[in-house]
Amino acid sequence: MIDAQRYAVVFKRIESKRYQQDINRLLTWNMDIKEQLKDLLLKDIQYQEDAGFMGACKRIVGTVNTVNETVDSCLWTTQGPLDRVSFAQARKGLQSTNRHLTATVGLINDVTVWDIPKLNRNEIGGDLAEKLFTNDNVLTEVMGLRLVVTIKNELVPDNDLWQFADPKFLGDYLVLDDIILSTETINYWIEFFGYECIGMAVKNIAALCRTSFTGTATDWRTGASTTSRSYYTIPNQDGGSN
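About the criteria used
- Residues numbered from 1 in each chain as written.
- Predicted model: local features only at pLDDT ≥ 70, side-chain atom pairs only at ≥ 80, totals over all residues.
- Heavy atoms only, no water.
- Helix = DSSP H or I, 4+ residues; strand = E, 2+ residues; numbered from the N terminus.
- Buried < 20%, exposed > 50% of the residue type's maximum accessible area, 1.4 Å probe, protein only.
- Contact = heavy atoms within 4.5 Å.
- Areas by Shrake-Rupley, 256 points an atom, 1.4 Å probe, with all protein chains shown as cover.
- Pairing = 2+ DSSP bridges.
- Core = buried A, V, L, I, M, F, W, Y, C linked by side-chain atoms within 4.5 Å.
- pLDDT = per-residue confidence, 0-100.
- 1 Å grid on protein atoms, 1.4 Å probe; cavity = no way out; pocket = protein on both sides within 12 Å on 5 of 7 lines; lining within 4 Å.
- Points joined across faces, edges and corners; volume = space filled by probe spheres on them.

Novice: Got a minute to help me understand the overall build of the protein chain in this structure?
Specialist: Helix and strand counts for the protein chain come out as five helices and 12 strands. Taking all 242 residues of the protein chain together, the buried fraction comes to 36%. In the protein chain, 76% of the contacts between residues at least 6 apart in sequence involve partners at least 24 apart. When the accessible surface of the protein chain is split by element, carbon and sulfur atoms take 51% of a total near 15000 Å².

Shown next as C-alpha cells:
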C-alpha cells in the first residue's frame, strides 16, 4: 500500500489453463468446440481476476476488529447474526472512516444472501416480507446498497458482506490486451488457451470494508464490543433510582 498523491498501476498477463487434445478425438463433435472452450477459458481468466482483487481487499482490511490508523476506523468488524440492526450497523462502515465515503455496492455469497428473507414483518414491513418470500428478485438492494451475489464462496465466505464505494473512489481497472483465444495445431495435437494483460489498483483503502455477521456487535471507530452498555441511573424523588 502506497500513501501518495500519485500511484503506479502494474500490468500483469493472466493466462488460462491450456487444453490439448488429439485432433482425431474431436472429429465426432457436432458442436463448435471453440465456443465451448471459450466459455471455459473466460471463466478461468475471470476467476483469476476476482481472486487477485479479493486477495488485495483482504490484505487491506487487515485483522478483524482492529483500528486502521490511516483511516481512524476498523475496515473489518463483526456485527453478530444478520438482522435489521446488524445490517444497519454494517452500513456505517465507510462513513465511520475519516474519508466519509458511502458504499454503493455490496458483495455477498449465494448462501448468506438467503439470511435476508429471514427478516420478519416487524423488521422490514409486511409487504416486503411477503415479496421476499414469494420473489427472490427482490434480493437486489437493501438499505440503499445494491447487492451483487457470487457463487465463489471460497473468495467471499459465508456470513461476510463486502461494501465498496463508487468506482471513481475505489480504484482503477485498465486493459492493455483484452482476452484473446489462442489456437495452435502441432502435428496431430491441437492446443487452446486464453490470455489477457490487465492492471488493477485500489487507490483508496477507505473505499471498501468487510463485515462478518458473526461474533458480537462491534464499534467501527474503536473496535470495541457494543453489546455491553452502561447507563446513567437517574435518582427519583424518594431517594431511590429509576
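Still more ground to cover, so stick around.
Novice: Where do I start with the pairing of strand S6 (residues 103-109) in this structure?
Specialist: Remark: a regular strand shows side chains that alternate across the two faces of the sheet. Counting buried positions along S6 yields six of seven residues, so the element is predominantly enclosed. In this sheet, strand S9 (residues 160-165) lies alongside S6 in antiparallel orientation, the contact comprising five bridges. When the bridges of S9 are listed, Gly 106 appears paired with Gln 163. When S6 meets strand S8 (residues 145-150), the two strands line up parallel, connected through five bridges. Across the sheet, the residue bridging to Val 105 is Arg 146, located in S8.

Novice: So what exactly am I meant to see when it comes to the nonpolar core here?
Specialist: Ranked by internal contacts, the top residues of the largest apolar core, which has 36 residues, are Phe 87, Ile 116, Leu 161, Trp 162, Phe 164 and Leu 208. At the level of secondary structure, the elements contributing two or more residues to this core comprise helix H1 (33-61), helix H2 (84-90), S6, S8, S9 and strand S12 (208-212). Those residues within four positions of Trp 162 in sequence are excluded, and the remaining contacts are Met 54, Cys 57, Lys 58, Val 61, Val 105, Gly 106, Leu 107, Val 156, Leu 208, Cys 209 and Arg 210.

Novice: Could you clarify how one ought to interpret the confidence of the model for the protein chain in this entry?
Specialist: Low-confidence regions, as indicated by low pLDDT, have predicted coordinates that should not be scrutinised in detail. In this model, the protein chain carries a mean pLDDT of 87, and residues with pLDDT of at least 70 account for 84%. Residue range residues 229-233 is modelled with pLDDT below 50. Its contacts to residues more than four positions away, or to other chains, number two contacts.

Novice: Explanation requested: the layout of surface pockets in the structure shown.
Specialist: Rolled over the atoms, a probe as big as a water molecule pinpoints where empty space is left. Here the largest pocket defines a volume of roughly 1600 Å³. In terms of lining, the largest pocket is formed by 46 residues, of which the most central are Phe 53, Ala 56, Met 200, Ala 201 and Val 202. Residue assignment for the lining of the largest pocket shows that the elements contributing at least two residues are strand S1 (11-15), H1, S6, S8, S9, helix H5 (167-170), strand S10 (171-186) and strand S11 (189-202). With nine residues, the single largest contributor to the lining of the largest pocket is H1.

Novice: What is the right way to read the environment of Glu 154 from this model?
Specialist: Within the secondary structure, Glu 154 is located in the loop between S8 and S9. When its relative accessible area of 48% is taken as the criterion, Glu 154 is described as partly exposed. Glu 154 sits 45 residues away from Asn 109 along the chain, and the two C-alpha atoms are 9.4 Å apart. The contacts of Glu 154, once residues within four sequence positions are left out, are Tyr 47 and Lys 58.

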